[in-house]
Amino acid sequence: MTQVQTAIEESFARPLTTLSEDEQMFRDSVREFAEGEIRKRVEAMEEQGHLDLAIMKHCFDLGLMGIEATEEFGGSGGSFFQAILAVEELSRVDASVGVFVDVQNTLVNNAIIRWANPDLKKKYLSQLATEKVGAYALSEAGSGSDAFALQTRAVDQGDHFVLNGHKLWITNGKEAEIFVLFANANPDAGYRGITAFIVEKNFAGFSVGKKENKLGIRASSTTELILEDCKVPRENVLGEIGRGYKVSIETLNEGRIGIGAQMIGIARGALEAALSYTKERQQFGKSISDFQGVQFQLADMATELEAARLMVYNAARMKDAGQAFVKEAAMAKLFSSRAAERITSKAIELYGGYGYVKDYPVEKYWRDSKIGAIYEGTSNMQLQTIAKLIIGK
Ligand SMILES: Cc1cc2nc3c(=O)[nH]c(=O)nc-3n(C[C@H](O)[C@H](O)[C@H](O)COP(=O)(O)OP(=O)(O)OC[C@H]3O[C@@H](n4cnc5c(N)ncnc54)[C@H](O)[C@@H]3O)c2cc1C
């Protein structure tokens, strides 16, 4: 049995949040890295608006950039659930590092593991697992929720395609060297012309455009990508020509669980900060956590977080077990992003005025939580998926 199969077998007998020995060791190592190396850099990375090079290198050294890639490709040979644990633990300290690792694993590597032929896997997965950052480029200025309306075009020239268009909002755009990028190779066929390509940063005609100045996850880069007669070799088609819509839907179905993990990590960071602060802060001659009104708010936050965590863990374990998980993934993302917004907002209130300033960590958790309702499908899009699956239309 493979490591992943053993983990699945073992997990059947366990409560959802009880980790196997391997999972626990993995979680502890990520936590140690987050506490020891990331926490002291969070403020500077946030102010400077970029990730520290040492942190990115550490992510590769720890095997966090190729969690599901097998050892043959230099990866860790872990499960999807482990990727979820990593994103949660990192986001508890810094959601920007969380999404850096999340996009690499749940979108870029996942698409390649699932759809690439052996040659592409050998060439790109091994680089992604060990040294190169990846990005996932679907959205454009005019196509977000309506992703299949994308305007980037790919013209077949025999041994290569020529791509023209602009991508917008691309996470890791500044650091990435390998892009899973979607373009329409046959606009007359509508969405059935959409094709996924692997594009390298150094391909002629490819450049990185404007970097966004954002509300939250400020150390995570979000950029425009520009394709001007960008020549992409034919062998870099990921999956089949005209099947890119399937690559994008199926990858994002999994990716959403990763965003759920980012959200429960953020919420846990904020709750832990609030628990500690309310014990220290004295008013009316005692700790504010001695007031039942404050205790009830903390209890509500913890309960909501527990529900969100159960949903995220369940969706991830369903995915690893090969069960249908699309509805559960959409529900987990929807619920956990709402929970994170509420929990982080309540944490600010429990800090009082101190919660509103940048000397304390909770305002950042709140700003970071907002993105959960937007990327990898807005909350309305999650509701649409859930509705479709429960109503059956
Ligand atoms: C920080 C950040 C990072 C991102 N990273 C990436 C990335 O790495 N790769 C990538 O490809 N994209 C990325 N995105 C893009 C993201 O996925 C899109 O922003 C998102 O899908 C929403 O698209 P939109 O911004 O065009 O909003 P729109 O689609 O214009 O939506 C605007 C509003 O209309 C609502 N709406 C739209 N259609 C419907 C409908 N049919 N029914 C009900 N409501 C509807 C939406 O729910 C939303 O509230 C990122 C975005 C951000 C902000």
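The present account deals with the structure reproduced in this document. (Residues numbered from 1 in each chain as written. Predicted model: local features only at pLDDT ≥ 70, side-chain atom pairs only at ≥ 80, totals over all residues. Heavy atoms only, no water.)

## Some words on the site of the ligand
Thought 1: The immediate surroundings of the ligand are formed by 18 residues, with Ser-139, Ser-145, Trp-169, Thr-171 and Thr-378 found nearest.
Thought 2: Take Tyr-136: an N or O atom from its main chain is 2.8 Å from a nitrogen atom of the ligand.
Thought 3: Taking Ser-139, its side chain carries an N or O atom lying 2.7 Å from a nitrogen atom of the ligand.
Thought 4: Burial of the ligand by the protein amounts to 65% of the accessible area it has alone, namely 970 Å².
Thought 5: Put simply, the ligand lies in the largest pocket.
Thought 6: Of all elements in the fold, only β3 (160–171) and α12 (379–391) reach the threshold of two or more residues within the shell around the ligand.
Thought 7: A per-class count over the shell around the ligand returns eight nonpolar, eight polar and two charged. (Near = heavy atom within 4 Å. Polar contact = N/O pair within 3.5 Å; in protein donor to acceptor, adjacent residues only side chain to side chain. Areas by Shrake-Rupley, 256 points an atom, 1.4 Å probe, with all protein chains shown as cover. 1 Å grid on protein atoms, 1.4 Å probe; cavity = no way out; pocket = protein on both sides within 12 Å on 5 of 7 lines; lining within 4 Å. Sits in = over half its atoms within 2 Å of the grid points. Helix = DSSP H or I, 4+ residues; strand = E, 2+ residues; numbered from the N terminus. Nonpolar A, V, L, I, M, F, W, Y, C, P; charged D, E, K, R; others polar.)

## Remarks on the packing of aromatic side chains
Thought 1: Applying the stated criterion across every chain, the model contains twelve aromatic pairs.
Thought 2: With centroids separated by 4.1 Å and ring planes inclined at 10°, the aromatic side chains of Tyr-277 and Tyr-351 adopt a geometry described as stacked. Of the two residues, Tyr-277 is situated in helix α8 (residues 244–280) and Tyr-351 in helix α10 (residues 326–351); the sequence distance between them amounts to 74 residues. Like Tyr-351, Tyr-277 is buried.
Thought 3: A ring pair is formed by Tyr-354 and Tyr-360, whose centres lie 5.6 Å apart and whose planes are at 70°; its orientation type is edge-to-face.
Thought 4: Of the residues examined, Tyr-354 reaches a relative accessible area of 38% and is grouped as partly exposed.
Thought 5: Tyr-360 sits in the partly exposed class, given a relative accessible area of 32%.
Thought 6: By the ring-pair criterion, three or more aromatic residues cluster together here, those being Tyr-277, Tyr-351, Tyr-354 and Tyr-360.
Thought 7: The ring of Phe-81 carries Arg-317 above its face, with NZ or CZ at 3.8 Å from the centroid. (Phe/Tyr/Trp six-rings, centres within 6.5 Å; stacked < 30°, edge-to-face > 60°. Buried < 20%, exposed > 50% of the residue type's maximum accessible area, 1.4 Å probe, protein only. Lys NZ or Arg CZ within 6 Å of the ring centre and 35° of its normal.)

## Some words on unusual backbone geometry
Peptide bonds are, in most cases, trans, and in most cases residues other than glycine have a negative phi.
Thought 1: Positive phi, normally seen in glycine, also occurs at Trp-169, with a value near 70°.
Thought 2: At Asn-172, a residue that is not glycine, the phi angle is positive and equals roughly 70°.
Thought 3: Residue placement: Asn-172 occurs in the loop between β3 and β4 (178–184).
Thought 4: Residue Asn-172 is classed as buried on the basis of its relative accessible area of 1%.

## Section: the nonpolar core
Thought 1: Judged by nonpolar contacts, the single largest core of 116 residues is most densely connected at Ile-38, Leu-64, Leu-163 and Val-199.
Thought 2: Residue contributions to this core peak at 14 residues, all from α8.
Thought 3: Residues within four places of Val-199 in sequence aside, it is in contact with Leu-163, Glu-177, Ile-178, Phe-179, Leu-181, Phe-206, Cys-230 and Val-232. (Core = buried A, V, L, I, M, F, W, Y, C linked by side-chain atoms within 4.5 Å. Contact = heavy atoms within 4.5 Å.)

## Brief notes about the layout of surface pockets
The method is simple in principle: a probe with the dimensions of a water molecule rolls over the atoms, and the space it marks as empty is what remains.
Thought 1: The computed volume of the largest pocket comes to approximately 1300 Å³.
Thought 2: Contributions of two or more residues to the lining of the largest pocket are made by α6 (95–115), β3, α8, α11 (362–369) and α12.
Thought 3: When grouped by side-chain class, the residues that make up the lining of the largest pocket number 20 nonpolar, 14 polar and nine charged.
Thought 4: If you add up the space inside the second largest pocket, you get close to 530 Å³.
Thought 5: Val-42, Glu-43, Tyr-360, Pro-361 and Lys-364 are the residues nearest the centre of the second largest pocket, which is lined by 20 residues in total.
Thought 6: Those elements that place two or more of their residues in the lining of the second largest pocket are α3 (42–48), α5 (80–93), α8 and α11.
Thought 7: Across the lining of the second largest pocket, the residue classes tally to six nonpolar, one polar and 13 charged. (Points joined across faces, edges and corners; volume = space filled by probe spheres on them.)

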